[in-house]
Amino acid sequence: MKLNQLTIVQAHEGLKNGDFSSVDLTQACLKRIKERNEIINAFITVTEDLALEEAKKADKMIEDGKQQMLTGIPFSVKDAICVKGVRSTGSAKILDNYIAPYEATVITKIRRQGTVLLGKTNCDAFGHGASNENSMYGPVRNPHDESKVAGGSSGGAAAALADHQCIFSIAEDTGGSIRYPASFCGVVGLRPSYGRNSRYGIMPMASSFDTVGPMAKTVEDVAILMEIMAGEDAMDATTVPDVVPEYSQKLKVKSQKFKIGIPKEYMELEGLDTEVKDKIEIKIKELENIGHEIVEVSLPHTKYAIPVYYIAVPSEDSSNLGRLDGIRYGAQADADNLYDVYAKSRGQGFPEEVKRRIMIGTYALSAGYYDAYYRKAQKVRTLIIQDFEQAFEQVDLLVTPTSPFPAFNLDEKKDDVLAMYLADVFMSPAAVAGIPGLSVPVGETKAGLPVGMQIMGPRLGEINVLSLGHTIRIVLKNYSEI
Ligand code: GLN
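- With an unreviewed UniProt entry as reference, the chain is termed Glutamyl-tRNA(Gln) amidotransferase subunit A.
- Taken verbatim from the UniProt record of the chain, the Function (unreviewed entry) comment is "Allows the formation of correctly charged Gln-tRNA(Gln) through the transamidation of misacylated Glu-tRNA(Gln) in organisms which lack glutaminyl-tRNA synthetase. The reaction takes place in the presence of glutamine and ATP through an activated gamma-phospho-Glu-tRNA(Gln)."

Dropping the structure here:
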């Protein structure tokens, strides 16, 4: 096995035993990036010099007996997350030359351990999309089949990981952006509960939906990362003060038997690919065979999750993106008057989809329409939250496909805006309700494309979500490895 193919746990052990250095590990990842970035396009910025400098420092820490879990381990960060002193574009040209003067709390927590930053990963601009085709730096290709999309919005994060260009990735999920590309690329990705991890330093999309979470090659690695990332932060008033559980320790105890709910509205969905459905049903059967209880549940308002999401999110978006005007933030276009400065800076600096969201949101919030759209969406949001609360009175966890279909061809759905919104069908409900969702690979289609299963749990119920994910990956071994 090559060094760049290791998991966090394997890399940590190897560094501890002196089998290789952090510089060796970093060079292996940088070599892979150099060979593959032209094709996969996972990275917008590669911080090679910084990575090698950090790797040398990490080797010194290890030599001095100061190794922590992530010391010396190379990772990538989605470009919509700020890293101090590093170019952070959010995949939009308006921030093409933006060097972040501050850093996301979760990134500081990770870097404090002596990790190695390899660079910033490609995504749909400011997280708007599900295929990574709304990036102004070109689409990301799926390492399993380069003619397919990697999923979005965090396509670069998932593809870099699946292609072994890094050991783990940090990304953002507003309405599926971690889970969706994780499923297309065959890696593990967790959207944490809203408020579990600090959002400080994330380029805001929809502040009441945004979360930041880990992607890794195993559930155990994801659990380790959550222990480091989670917790209250004075810089984000929505973070919760609850103690951060020892997620990775919990995985090691004998796996618990859960009552697992299958939402009937999901499995009966028209347009659910038969191969995806089969893989999910096989896995559900296997879970039953090893002693988990499977019951059907109903989430009656789930059909409104996409409409609620696509009113509420653009509304928050239109306000958050207001700061990117070429004056307060962002590249300023040449213009003769103030109006043109705004119009040209934003016109050239945003891709179509971002403009569309700003227009939808501005419309939904404007006087006369506010009650009909925004307020109504908020009311239905409450009903969706209540659906989940009722479901979690009956069951411990819910299981669904992550995406209704496997990775599709580049350009296939690019111009079909509605089809792209509908692709979020299994993603939006957890986002609307602020609950955790984990995507784990459960096999491949005949064409060799990964299929992901989503596990959802009650708010702050990450432990059980991760525990079931670990069971699927470790106990039920007949899944395909990345
Ligand atoms: N597909 C969703 C959207 O376009 C994903 C957003 C996200 O999670 N950043 O809004």
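### Let's talk about the overall build of the chain
Thought 1: Along its length, the chain carries 17 helices and 13 strands.
Thought 2: In summary, the chain has a C-alpha radius of gyration of 21 Å against a globular reference of 23 Å for 482 residues, a match within 12%.
Thought 3: Seen along its three principal axes, the alpha-carbon backbone of the chain occupies a region of about 65 × 55 × 45 Å.
Thought 4: By residue count, 60% of the 482 residues in the chain fall in the buried class.
Thought 5: A separation of at least 24 residues holds for 76% of the contacts in the chain among residues at least 6 apart in sequence.
Thought 6: Summing over all exposed atoms, the chain offers an accessible surface of approximately 18100 Å²; the carbon and sulfur share of this is 51%.
Thought 7: Charged side chains in the chain number 53 positive and 63 negative. The centres of these two groups are separated by 2 Å.

### Thoughts on helix α14 (residues 371–394)
Residues that lie three or four places apart on an α-helix share one face, since the helix turns once every 3.6 residues.
Thought 1: Between its first and last C-alpha, α14 extends 34 Å over 24 residues, near the 34 Å set by a 1.5 Å rise per residue.
Thought 2: Restricting attention to buried positions, one finds in α14 the residues Tyr-374, Ala-377, Val-380, Arg-381, Ile-384, Asp-387, Phe-388, Ala-391 and Phe-392.
Thought 3: Those residues of α14 that are buried are in contact with α9 (264–267), α11 (305–320), α13 (352–365), β11 (397–401), α16 (428–433) and β13 (450–456).

### Quick look at the UniProt feature "active site" (unreviewed entry) in the chain
Thought 1: According to UniProt, the "active site" (unreviewed entry) feature falls on Lys-78, Ser-153 and Ser-177. Across 100 residues in sequence, these annotated residues keep their C-alpha atoms within 10.6 Å of one another, forming a single compact spot. As for the largest cavity, its lining draws on Ser-177 from among the annotated residues.
Thought 2: Position of Lys-78 relative to the elements: it lies in strand β2 (residues 74–78).
Thought 3: Beyond its immediate stretch of four places on either side in the chain, Lys-78 contacts Lys-120, Thr-121, Cys-123, Gly-127, Ser-153, Ser-154, Ile-170, Ala-171, Glu-172 and Ser-177.
Thought 4: Structurally, Ser-177 is set in the loop between β6 (168–173) and α6 (179–185).
Thought 5: Judged by relative accessible area, which is 4%, Ser-177 ranks as buried.

### Regarding the sheet that holds strand β8 (residues 211–216)
Thought 1: The mixed open sheet is built from 11 strands, whose spatial order is β1-β3-β2-β6-β8-β7-β12-β13-β11-β9-β10. The open sheet has two edge strands, β1 (43–46) and β10 (293–297), and neither has a second partner. For this sheet the average axis-to-axis angle between neighbouring strands, irrespective of direction, equals 30°.
Thought 2: Of the strand pairs in this sheet, strand β7 (residues 188–191) and strand β12 (residues 437–444) are connected by three bridges, and their pairing is antiparallel. Residue pairing across strands places Arg-191 opposite Gly-437, the latter belonging to β12.
Thought 3: Each of β9 (259–263), β10, β11, β12 and β13 is contacted by helix α10 (residues 274–289), which is oriented at about 50° to β13, the strand it contacts most.

### What about the nonpolar core?
Thought 1: By size, the foremost hydrophobic cluster in this structure holds 129 residues, and its most contacted members are Phe-168 and Phe-388.
Thought 2: In this structure, Cys-82, Ala-125, Met-203 and Ile-358 belong to the second largest nonpolar core, which totals 16 residues.

Reading the values: rules and limits
The residue count restarts for each chain, going from 1 along the sequence in the order it is written. The model is predicted, so local features are restricted to residues of pLDDT at least 70 and side-chain atom pairs to those at 80 or more, both for listing and for counting; the totals for chains, interfaces and linings are taken over all residues. Side-chain calculation: all heavy atoms of the structure are included, whereas hydrogens and water are not. UniProt positions are given in the numbering used here, feature names are shortened, and annotations may be inferred rather than shown by experiment. Comment: elements are numbered from the N terminus, with helices defined as DSSP H or I runs of at least four residues and strands as E runs of at least two. Note on method: radius of gyration uses C-alpha positions; expected globular size equals 2.2 Å times residues raised to 0.38. Using a 1.4 Å probe on the protein chains alone, a residue whose accessible area is under 20% of its type maximum counts as buried, one over 50% counts as exposed, and one in between counts as partly exposed. In this analysis, two residues are considered to be in contact whenever any of their non-hydrogen atoms come within 4.5 Å of each other. Using a 1.4 Å probe, the Shrake-Rupley method yields the accessible areas, and only the shown protein chains count as cover for residues. All tallies of charge rest on Lys and Arg as positive and Asp and Glu as negative; His and the ends of each chain are not included. Lys charges are placed at NZ, Arg charges at CZ, Asp charges at CG and Glu charges at CD. Helix span is expected to be 1.5 Å times the residue number reduced by one. Using only the protein atoms, space was sampled on a 1 Å grid; points where a 1.4 Å probe fits but cannot get out form cavities, open sets with protein on both sides within 12 Å along at least five of seven lines form pockets, and lining residues are those with an atom within 4 Å of a point. Here a strand pair is declared whenever DSSP counts at least two bridges between the two strands. For helices, the fitted line uses only the C-alpha atoms of the stretch in contact; every axis is such a line through C-alpha atoms, and the angle between N-to-C directions lies from 0 to 180 degrees. Each nonpolar core is a collection of buried residues, namely Ala, Val, Leu, Ile, Met, Phe, Trp, Tyr and Cys, held together in the definition by side-chain atoms within 4.5 Å.

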